[in-house]
Amino acid sequence: MPILTQGRRINRVLVVDDEPGSRDGFSESIEDLGLDVVCEPGPMDDPDSFIASLCGKADAVLSDFRLRVIGHYSNFDGDRLVATCYQHQIPALLCSSFTDASTVIDRSLMRFIPVFLPTTTPQPEDIEAGFIRCVEEFAGNLPPSRRPWRTLIHIHDVDDSMEGLFHVILPGWNVREKIPLWRDHLPANIQPLVQPGKWLHAQVNIGAEEYQDLYFDEWETE
Amino acid sequence: MKIRFAADILRRLGEELNPSIDRGILELVKNSYDADALMCTVELANADQPGGHIVIKDDGDGMTSHDIEDGWLVLGRSIKEQRTRTRLGRVPAGNKGLGRLAALRMGSRVLLTTRPRTEKASEYNLLIDWDEYKGVELVDDVLLNLEPEPRRTGDKHGTEIQIENLRSKIGRREVKRLAREMLLLADPFGDDPKGFKPILKAPEFEDLEALVQNRYFQDADFHLIAKIDKDGRVSAQVLDWRDAILYSADHDELASKKNKLRYACPELTFELWTFLWRTSSFVARSAPMKDSKAWVEAFGGVHIYQNGLRVTPYGDPGNDWLDMNLSRVRSPEERPSTNNSIGRVLFNDAGSLLVQKTDRSGFIESDTFLEIRDYAQDALDWMAGRRMEEAQKRREHEKAEVTSKTAETRRQSDAAMEDLPKEAKETIKKAFRDERDAVDKEIQHYQQEIQLYRTLSTAGITSATFAHESAGNPIKVIDQSIATVERRARTHLPEVYESQLKKPVDRIKGATGSLSVLGKATLKLLDHEKRRPARVEIHEVIDKVLGTYAPFLDPRHIAVDAQYCDASPYLRGSEAAVESIVTNLINNSVAAFERSENKERKILIKTEVTNGYLRLRVADSGPGIEEISKREIWLPGRTTRKNGTGLGLTIVRDTVKDLGGEVDAIEHGEFGGAEIFIQLPILGV
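Given the structure is predicted, the values throughout are model-derived calculations rather than measurements.

Considerations on the packing of helix α2 (residues 47-54) of chain A against helix α3 (residues 78-87) of chain A
Helix-helix packing is characterised by the crossing angle of the two axes and by the distance between the axes. All names here are of chain A. Contact geometry for α2 and α3: axes closest at 9 Å, N-to-C directions at 55°. With respect to α3, the element α2 is oriented oblique. In this structure, α2 crosses over α3, and the sense of that crossing is right-handed. Of α3, the residues touching α2 (which contributes Pro47, Asp48, Phe50 and Ile51) are Arg80, Leu81, Thr84 and Cys85. Here the contact of α2 with α3 is built from residues that sort into 5 nonpolar, 1 polar and 2 charged.

Structural data, given as structure tokens:
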């Protein structure tokens, strides 16, 4: 039975995963929800071409985070794919049990990833709730944990042992927790400003309870 | 109607905005610079006590009555703000006149005498008596009288300011600071004969002046010259103390990390001279090491010269605007610090791209300033990278050299022995042979140990790769498939599922759960964040290890009894170090249980704190230390377990030693099995 919400109908879901067996696994969860499933066999060159090819094929997307383990499937990971879908108002869920996902994910993209299920065995009801949440956000209904605020950010340290890694502290969120970020995930004009002790501003959802759910967007140079 | 100022504003602007006495005097010296003076002397008379006076005298262009009235006496606006260059092409350095006010108010009276270059026969005198402002309400209630006088024959153009009856003394420390600032003001390291020469008449100045004139640049081990051209393109080279080029780089190499097409700042040169002061290599230099050390101690740091004049506080003691010391702490090898280097950043900025703060505490941190700092740091990073490469090559070369030297030494000693008397020869030869055999064995032993570490590292890397892979793919597929089987069977065959399928489904789920936990445990060990030195809460680390190990220990029926002392001991080190101690001790116990007939498998982990030390005891109910001596358990490769590495306890011992602690063991402890004692110095509880 299709999902009907905010005047929108989700009947067919595209499953994206580089592992064929896993695509089948995700498909079965969706089928048990009563939705139709199509699988993306790859290869995928860039998210925009993917979006163009989606037209008429599916109403929503469920993607794994790591899409580049098995060769010749995708040139990008699931975070970019789901964020691009969101920007085109296509409901999309990201799933992963990858241990380091929360560390390596691009936090500017997290703004456009409303649902990140930390599992590869999502239950049908979780999938349904996830798609409904996406559509709610498209209608402008953001839960408090996802609302952006202009936030003061303190660059705590730059990690010399790992190229490009640095830590920030958000005094307005939690003065004790250091949050890892990657320099190359920042806009080019901000990257040179990453120096220990520096204070910057960006839009951050400081209503989030866990650091894994924080996004950083619209960085300011002043 | 108009806004007027209370006389008290002079005190507020003068004294309260003035950061220090030396800064105020420097402002007057800069006025001399702006007046195209070549010399400017500052004389302190009885200034070490209140009531003394200061005379600032220059050979500049002097001032006309118009200059005095519309410039010198106007606060908050300087005629130099027009930024037109002076007669000698200097970019004016004076500010809004507040620094000058601060200096003039150091005494109770100021006498200005000035002879303008454009009026050959004129001299002007102006007296400001600050006490007169105490009795009036508004600033302009006091009228100043400018007295023109005919110039005496022979008196040349210039200005003299006498500040009389000083309100407070100028201490030795302030004089020394003033001397240093005056010397550094006009880039004394440059070679401009037409340059501005400020002089302070004080013994402290003479000492420092002698030091500055000696200039030990030529003795520096490395001389970095980094430039930005007018198009924002950069280049750099590093010279040795003989001025031979060691390394050079163009824009593409220097800016590759940040992928910058250009640096958005004025054309500039950044030079840095770094001294290693190694006794072994500091030979054939122009002066003894102690001289260059004293010189760097007095003038070290990276100074900024804007339009030929120094901008404070960059390069002052304690000012490390390029974070050189921080970088050196993080990576001590081949990095300069403010204690062993001296440098300058020179640029001309007629367009006022960089503006100094009103209180003279440096530039406003505009994009241009940040870009300059960025480039200087990029150049330092580049130099450090090249020096690291060089150091690595040197180490490899030294290694090869040691091997060849050893062979040569052996040849020489063999030859020498041939000359010995026959009766002594055989005895000495045998002694030498035995000694060489012992050394060779030791070397062989170390080589095996290194190889063992490398093999284990490779095993670790491989298991991490597999851990990623198994969590990412095969386990995921099994998980998803069994979840589908469970869900569909529950829906379509509820009775059959409960009676016949639930148990095997739960078994598969339990097994994949354990597998993925083990994979995650491997990856957790590799978390690089744990390797960074920081405050480590010992109980927290033990708890984390036990949490990670729980799915591994439970199926083996191993019970852990963690008995912590009533405190939270912590030390400075890396979490990885403490973790490796605890992990290896648990691994050791787990391995021991496999050799034990005791059905009760227990591990005791107990902590106590005494006299600044943490005592950690790990005891198990295994067979204890048998078939190997207590002393040998710590040696690498010694194990009683087939296919064991014999490295676990060696790692424990080495790690504990690195943390400044001690290890010990007893063969049969509280639980009957081995008991290991670790003592670690802690920072607190």
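Re the sheet that holds strand β2 (residues 53-58) of chain B
Hydrogen bonds along the backbone pair up the strands of a sheet, which may run parallel or antiparallel. All names here are of chain B. Sheet architecture is open: 7 strands sit in the order β5-β4-β3-β6-β2-β1-β7, paired in mixed fashion. One side of each edge strand has no neighbouring strand; the edge strands of this open sheet are β5 (146-150) and β7 (197-201). For this sheet, the mean inter-axis angle between neighbouring strands, taken without regard to orientation, is 15°. In this sheet, strand β4 (residues 122-129) lies alongside strand β3 (residues 107-115) in antiparallel orientation, the contact comprising 6 bridges. Looking at β4, one finds that Thr114 is bridged to Tyr124. Here helix α3 (residues 65-72) sits on the sheet and contacts β3, β4, β5 and β6 (158-166); the angle it forms with β4, its principal contact strand, is near 35°. Running at roughly 160° to β7, helix α5 (residues 172-185) makes contact with β1 (39-45) and β7 of the sheet.

Quick word on the environment of B:Ser574
All names here are of chain B. Tracing the backbone shows Ser574 in strand β17 (residues 570-574). Residue classification places Ser574 among the buried positions, given a relative accessible area of 16%. Taking C-alpha positions, Ser574 is 9.3 Å from Leu659, a pair spaced 85 residues apart along the chain. Leave out the neighbours within four places in its chain, and Ser574 touches Lys530, Arg531, Arg532, Pro533 and Val536.

Some thoughts on the domain arrangement of chain B
Looking at the assigned domains, one finds that chain B contains domain 1 (8-209), domain 2 (216-388), domain 3 (422-523) and domain 4 (528-681). Taking only C-alpha atoms into account, the centre of domain 1 of chain B sits 77 Å from that of domain 3 of chain B.

Notes on the packing of aromatic side chains
Residues and elements named next belong to chain B. Scanning the model with the defined rule gives 19 aromatic pairs over all chains in all. When the centroid spacing of 4.1 Å and the interplanar angle of 40° are considered together, the rings of Phe217 and Trp273 count as tilted. One end of the pair, Phe217, is in the loop between α6 (203-214) and β8 (222-228); the other, Trp273, is in strand β11 (residues 268-274), and 56 residues separate them in sequence. Judged by relative accessible area, Phe217 falls into the buried class, the value being 13%. Looking at Trp273, the relative accessible area reads 6%, which means it is buried. In this structure, Lys602 packs its charged tip against the face of Phe671, placed 4.3 Å from the ring centre.

Thoughts on the sheet that holds strand β19 (residues 613-620) of chain B
Residues and elements named next belong to chain B. If you trace the 5 strands from one edge of the open sheet to the other, you get β16-β18-β19-β21-β20, paired in mixed fashion. At either margin of the open sheet sits one strand with a lone partner, and together these are β16 (558-563) and β20 (662-666). Each strand axis lies, on average, 15° off the axis of its neighbour in the sheet, ignoring direction. Where β16 lies against strand β18 (residues 601-610), 6 bridges are found, and the strand directions are parallel. Across the sheet, Gln563 pairs through a bridge with Lys606, a residue of β18. Contacting β16, β18, β19 and β21 (675-681), helix α15 (residues 575-593) runs over the sheet at an angle of about 150° to β18.

Considerations on the side chain of B:Glu579
Inspection of the secondary structure assignment puts B:Glu579 in helix α15. Setting aside anything within four residues of it in sequence, one finds B:Glu579 in contact with B:Leu525, B:Lys530, B:Val541 and B:Val545.

Thoughts on the pattern of salt bridges
All names here are of chain B. Taken as a whole and assessed by the stated rule, the structure comprises 46 salt bridges over all chains. Note that Glu408 is salt-bridged to Arg411, the shortest N-O span being 2.6 Å. Placement of the pair is Glu408 and Arg411 together in helix α10 (residues 367-418), with a separation of 3 residues, close to one helical turn. Assessed through its relative accessible area of 33%, Glu408 is described here as partly exposed. With its nearest N and O atoms 2.8 Å apart, the salt bridge here joins Asp506 to Lys502. Note that Asp506 and Lys502 are positioned in helix α13 (residues 494-525) at a spacing of 4 residues, about one turn of the helix. According to the relative accessible area criterion, Asp506 is partly exposed, its value standing at 31%.

Focus: the domain arrangement of chain A
Residues and elements named next belong to chain A. Under the domain assignment, chain A is made up of domain 1 (3-141) and domain 2 (146-220). Once you take the C-alpha centre of each, domain 1 and domain 2 turn out to be 26 Å apart. Counting residues at the interface gives 15 residues for domain 1, matched by 15 residues for domain 2. Taken together, both faces of the contact between domain 1 and domain 2 bury some 1,300 Å²; the carbon and sulfur share is 46%. Considering only the surface of domain 1 that becomes buried against domain 2, Thr103, Arg107 and Arg111 emerge as the three largest contributors, covering 54% of it. Remark: the boundary between domain 1 and domain 2 carries 3 salt bridges. The shortest N-O distance in the salt bridge between Arg111 and Asp217 comes to 3.1 Å. Of all the secondary-structure elements, those providing two or more residues to the side of domain 1 that touches domain 2 are α4 (101-104) and α5 (124-138). Class assignment for the residues of the side of domain 1 that touches domain 2 results in 7 nonpolar, 3 polar and 5 charged.

So, how was this worked out
Residues numbered from 1 in each chain as written. Chains lettered and ligands numbered in written order. Predicted model: local features only at pLDDT ≥ 70, side-chain atom pairs only at ≥ 80, totals over all residues. Heavy atoms only, no water. Axes fitted to C-alpha atoms, helices over the stretch in contact; angles between N-to-C directions. Helix = DSSP H or I, 4+ residues; strand = E, 2+ residues; numbered from the N terminus. Parallel < 35°, antiparallel > 145°, perpendicular 65-115°, else oblique. Left-handed = near helix turned anticlockwise from the far one by under 90°. Contact = heavy atoms within 4.5 Å. Nonpolar A, V, L, I, M, F, W, Y, C, P; charged D, E, K, R; others polar. Pairing = 2+ DSSP bridges. Buried < 20%, exposed > 50% of the residue type's maximum accessible area, 1.4 Å probe, protein only. Domains from an automatic or database assignment. Phe/Tyr/Trp six-rings, centres within 6.5 Å; stacked < 30°, edge-to-face > 60°. Lys NZ or Arg CZ within 6 Å of the ring centre and 35° of its normal. Salt bridge = Lys/Arg side-chain N within 4 Å of Asp/Glu carboxyl O. Buried area = accessible area lost by both parts, 1.4 Å probe.

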